Amino acid sequence: MDDATSSNQPPRGLGRNAANYGDRDFALYLRRSFAKSMGYSQAMLDRPVIGIADTGSDFNNCHRTAPELVEAVKRGVLAAGGLPLAFPTVSLCEPFLHPCSMHYRNLMALDTEALLRAQPMDSAVLVGGCDKTVPAQLMAAVSADIPAVQLVVGPMLATRFEGERLSACTDCRRYWARYRAGEVDAARIGRIEGNLATTAGTCGVMGTASTMACLAATLGFMPLEAASVPAVHADRLRLAEEAGALAVRLIAQPVRPREIVTPESVENALRVLLALGGSTNALIHLTAIAGRCGVKVDLRRLDALSEETPVLVDLKPTGEGYMEDFHAAGGLRALLRELRDLLHLGCKDLYGRTLEQRIAEGPEFVDRAIIRARAEPVSPVGGLVALFGSLAPAGAILKRSAATPALFETEARCVVFDGLEDLAARIDDEALDVTPRDILVLKNAGPRTPAGMPEAGYLPIPRKLARAGVKDMVRISDCRMSGTAFGTIVLHVAPEAAAGGPLALARTGDRIRLSVRERRLDLLVEESELARRREEWRPPPAPARGWDRLVHEQVLQATEGADLAFLRPEGR
Ligand code: FES
């Protein structure tokens, strides 16, 4: 730590970001004094400082191993000559947040960015994992633009249970759907509940957390194998140690986040997202991360990439395996080798290595049951398609790899729910006028609503239809669905209903046409009738105060990553 301010060297370590009392020398004198109260030797205080964003929380089961990971990061930092200082940030775990974790992703990004900027550190390690945490941390890192290493907690293991394997959360949904249909009784659903998530770590399928881990590694924020090493594997601790050491090395050879988030690396990440059959949520998050440095993710470009990028990974919810299978099968490196000719191989990671070099390292082994060859894909085309039309002028998304092809070309009457309360009140009503051919529509659940764009796009099949054996219906909404969910589900309709998009005008009895072949989503209602309805439409009232108010005023649409406008470069 600088012991005076007369040096012409740029401040480093604890000499950075002095408190502003109008007397920098005094501020640093005071800081040294207080730092000494923690019992560090002067030699330690003179070291470069590595901040460790610690997202351990009693409200975050996925991050149960965060304390030991932070300890391992500290080992790596100390051995490499740095001073590790951990600090708490907002931590978000999917099932523990109301109205939903997405509502707080930008809060975590804002909080993390502020602390990265405000505290004296030369580089950082960001310990994340659960769905919204990695996007929030990368958004923060890109905006603060200080050298930052991503470390994820890793996926949980699947559990053997009565002759099958279970893991959160595709199996959660599969069994809940069977329970609703009367195929599984209350006693069994209770036993299932105790066996869906039995180890520390993030959901054990290719849901949002696993997809984001793969994208973070593809972008270059962590080693490729770090995307899939299970949470409870000893290698996870070695990766944490290495993350600490890397953060120290980055001080002498800085690679800033904005150097590795480029149009090319973002396109690589999109390819990986498609080939994984990855989470639709990851598209919003990648759009937000890229948007923080002015890189635009264009849905039409995504759609073009989807036509030439096969799904190669056979994992739930698209296929059968679990994350531990993906890791054992060769993981992200094996997948990237298959995609090699489709990638921008010159993109560099935090180590300064090109993607070509990263792919070439490591064992050649690949288990073709999980990571398919290009010639024998799970699907010859990518997992996601973008839809446009009179119902979604700015676009919408369908995860075709988890959908029912027989429903791809559907023109039908729609049954509209005005919001989540309306959905909850009526979906299981025996008197609900609904048939298996109808399209279910949920509106007023987008990013601008108090609901905060929840994962409610996976509208349940009305109970009476589920009991009759209906497994899938076309469902359309302006919200999201879990990365672990499946079905013919159109999501992220933009502009959302609460922003006055055409979705706001849809009414039960209207006809809607979905054409995956033509990439169309149209509301088949005369323009004169729509104009009349538009006259009647009133925007929902703004929340009175606090974070909800700020979100309402600032949040952008899903096609722009649902970031807050004032946090984007053009907003500053
Ligand atoms: Fe944390 Fe699924 S609940 S990753």
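What counts and how
Residues numbered from 1 in each chain as written. Predicted model: local features only at pLDDT ≥ 70, side-chain atom pairs only at ≥ 80, totals over all residues. Heavy atoms only, no water. UniProt positions renumbered as here; feature names shortened; annotations may be inferred. Helix = DSSP H or I, 4+ residues; strand = E, 2+ residues; numbered from the N terminus. Disulfide = S-S within 2.5 Å. Buried < 20%, exposed > 50% of the residue type's maximum accessible area, 1.4 Å probe, protein only. Pairing = 2+ DSSP bridges. Axes fitted to C-alpha atoms, helices over the stretch in contact; angles between N-to-C directions. Salt bridge = Lys/Arg side-chain N within 4 Å of Asp/Glu carboxyl O. Phe/Tyr/Trp six-rings, centres within 6.5 Å; stacked < 30°, edge-to-face > 60°. Lys NZ or Arg CZ within 6 Å of the ring centre and 35° of its normal.

## Comments concerning the UniProt feature "domain: Dihydroxy-acid/6-phosphogluconate dehydratase C-terminal" (unreviewed entry) in the protein
Inference 1: Per the UniProt entry, the sites bearing "domain: Dihydroxy-acid/6-phosphogluconate dehydratase C-terminal" (unreviewed entry) are residues 370-562 in this numbering.
Inference 2: Span residues 370-562 is 16% helix and 23% strand, its end C-alpha atoms 33 Å apart.

## A few points about the UniProt feature "domain: Dihydroxy-acid/6-phosphogluconate dehydratase N-terminal" (unreviewed entry) in the protein
Inference 1: Taking the UniProt record as the reference, the feature "domain: Dihydroxy-acid/6-phosphogluconate dehydratase N-terminal" (unreviewed entry) is found at residues 47-357.
Inference 2: Secondary structure within residues 47-357 divides into 49% helix and 9% strand; the distance between the first and last C-alpha atoms comes to 32 Å.

## Brief notes about the state of the cysteines
Inference 1: Taken as a whole and judged by the stated rule, the model has 1 disulfide.
Inference 2: A sulfur-sulfur separation of 2.5 Å characterises the disulfide bridge that pairs Cys169 with Cys172. Taking the sign of the torsion about the S-S bond as the criterion, the disulfide between Cys169 and Cys172, at about -115°, is left-handed. The burial state of Cys169 is the same as that of Cys172; both residues are buried.
Inference 3: Sulfur of Cys347: no disulfide; nearest cysteine sulfur belongs to Cys293 and is 12 Å away.
Inference 4: Relative accessible area serves as the criterion here: at 13%, Cys347 is assigned to the buried category.

## Topic: helix α15 (residues 331-339)
Inference 1: Burial analysis of α15 places 9 of its 9 residues in the buried class, which makes it a mostly covered element.
Inference 2: Among all positions of α15, only Gly331, Leu332, Arg333, Ala334, Leu335, Leu336, Arg337, Glu338 and Leu339 are buried.

## Thoughts on the sheet that holds strand β3 (residues 123-128)
Inference 1: Spatially, the 4 strands line up as an open sheet ordered β2-β1-β3-β4, and their pairing is parallel. Single-partner strands in this sheet number two, and they are β2 (83-88) and β4 (148-152). Ignoring strand direction, the axes of neighbouring strands in this sheet form an average angle of 20°.
Inference 2: Inspection of the sheet shows strand β1 (residues 49-54) paired to β3 by 4 bridges, in the parallel sense.

## Quick word on the pattern of salt bridges
Inference 1: Across all of its chains, the model carries 54 salt bridges by this definition.
Inference 2: Of the charged contacts, one joins Arg533 and Asp510 as a salt bridge, the two residues approaching to 2.7 Å between their closest N and O atoms. With Arg533 in helix α19 (residues 527-536) and Asp510 in the loop between β12 (489-494) and β13 (511-515), this residue pair connects regions lying 23 residues apart in the sequence. In this pair, the class of Arg533 matches that of Asp510, namely buried.
Inference 3: Each member of the salt-bridge network shares a partner with another, and the members are Glu162, Glu164, Asp171, Arg174, Arg188, Arg191 and Lys316.

## A word on the packing of aromatic side chains
Inference 1: A complete count under the given rule lists 4 aromatic pairs for this structure.
Inference 2: Relative to Tyr29, the ring of Phe26 lies with its centre 6.3 Å away and its plane at 40°, an arrangement referred to as tilted. You can see Phe26 and its partner Tyr29 sitting in helix α1 (residues 24-36), 3 residues apart, about one turn around the helix.
Inference 3: You can call Phe26 partly exposed: its relative accessible area is 36%.
Inference 4: One aromatic cluster is present, formed by Tyr21, Phe26 and Tyr29 through successive ring pairs.
Inference 5: If you follow Arg300 out to its NZ or CZ, it ends over the ring of Phe388, 3.8 Å from the centre.
Inference 6: The ring of Tyr351 carries the charged tip of Arg353 above its face, separated from the ring centre by 4.4 Å.

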